Amino acid sequence: MLAALACFVLAYRHRLELPRHKRYGILGIALGLGGVVVVILLSWAFGWTVPARHAEIVDIHRRWFAPISTLLMLLVGVTGALRWRIHTKLYTLLFPLYCAAVVTAIVGYWPF
């Protein structure tokens with residue numbers, strides 16, 4: 001998830017260079033969605049769980065930040081591919097929410 005966050009930062013930095021912007025954005029979305037798929041497979045399909053260090057923070061992460069940031073990540077990707085103007089405005093929502101999802105996951109599950 002941190003690698004996806006780094007890709008989002010790089011995509012933003014190269015937003016005026018369309019090929020690099022697309023490359024970093026697509027890679028970030030692939031890493032982010034890949035991480036979500038891995039978490040779902042490991043927890044639901046195989047029954048593996050990571051014990052929560054702070055249950056309240058993990059609950060907020062699972063109920064709010066993770067699903068909303070995943071949905072926004074998909075919306076940013078689709079609107080970017082379609083070159084809709086709302087793409088740039090959605091990113092301003094995605095970035096802080098994705099950061100909050102990553103931080104709540106790290107704090108809630110620390111030490112892994």
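Our subject is the structure listed above.
Note that the coordinates shown come from a computational prediction; the quantities given were computed from them, not determined experimentally.

Turning our attention to the overall build of the chain. Tallying secondary structure elements over the chain gives four helices and zero strands in all. Of the regular secondary structure in the chain, the N- to C-terminal order runs α-α-α-α. Relative to the globule expectation of 13 Å for 112 residues, the C-alpha radius of gyration of the chain, 15 Å, shows essentially globular dimensions. Taking the principal axes of its C-alpha atoms as reference, the chain extends roughly 40 × 25 × 20 Å. Sequence separation of 24 or more characterises 67% of the internal contacts of the chain that already satisfy a separation of 6 or more. Summed over its atoms, the accessible surface of the chain is roughly 7800 Å², and 73% of this surface lies on carbon and sulfur atoms.

Let us now look at the environment of isoleucine 106. As for its position among the elements, isoleucine 106 is in helix H4 (residues 86-109). Classification of isoleucine 106 as partly exposed rests on a relative accessible area of 28%. Along the chain, isoleucine 106 and isoleucine 57 lie 49 residues apart, while their C-alpha atoms are 9.7 Å from each other.

Now for a nonpolar patch on the surface. A contiguous nonpolar patch, built from Val37, Val38, Leu41, Leu42, Phe46 and Trp48 and spanning about 600 Å² of accessible area, is present on the exposed surface. Within the element layout of this structure, valine 38 appears in helix H2 (residues 18-45). You can call valine 38 partly exposed: its relative accessible area is 45%.

All right, on to the packing of helix H1 (residues 2-13) against H4 then. With their axes 11 Å apart at the nearest point, H1 and H4 run at an angle of 155 degrees to one another. Here H4 runs roughly antiparallel to H1, going by the angle between their axes. When the axes of H1 and H4 are compared, the crossing they make is left-handed. Here Leu2, Ala4, Leu5, Phe8, Val9 and Tyr12 of H1 lie close against H4, whose contacting residues are Tyr91, Phe95, Tyr98, Cys99, Val102 and Ile106. Considering only residue class, the contact of H1 with H4 consists of twelve nonpolar, no polar and no charged.

What counts and how
- Residues numbered from 1 in each chain as written.
- Predicted model: local features only at pLDDT ≥ 70, side-chain atom pairs only at ≥ 80, totals over all residues.
- Heavy atoms only, no water.
- Helix = DSSP H or I, 4+ residues; strand = E, 2+ residues; numbered from the N terminus.
- Rg over C-alpha atoms; globule rule 2.2 N^0.38 Å.
- Contact = heavy atoms within 4.5 Å.
- Areas by Shrake-Rupley, 256 points an atom, 1.4 Å probe, with all protein chains shown as cover.
- Buried < 20%, exposed > 50% of the residue type's maximum accessible area, 1.4 Å probe, protein only.
- Patch = residues over 30% accessible without salt bridge, like charges linked within 9 Å, V, L, I, M, F, W, Y side chains within 5 Å.
- Salt bridge = Lys/Arg side-chain N within 4 Å of Asp/Glu carboxyl O.
- Axes fitted to C-alpha atoms, helices over the stretch in contact; angles between N-to-C directions.
- Parallel < 35°, antiparallel > 145°, perpendicular 65-115°, else oblique.
- Left-handed = near helix turned anticlockwise from the far one by under 90°.
- Nonpolar A, V, L, I, M, F, W, Y, C, P; charged D, E, K, R; others polar.

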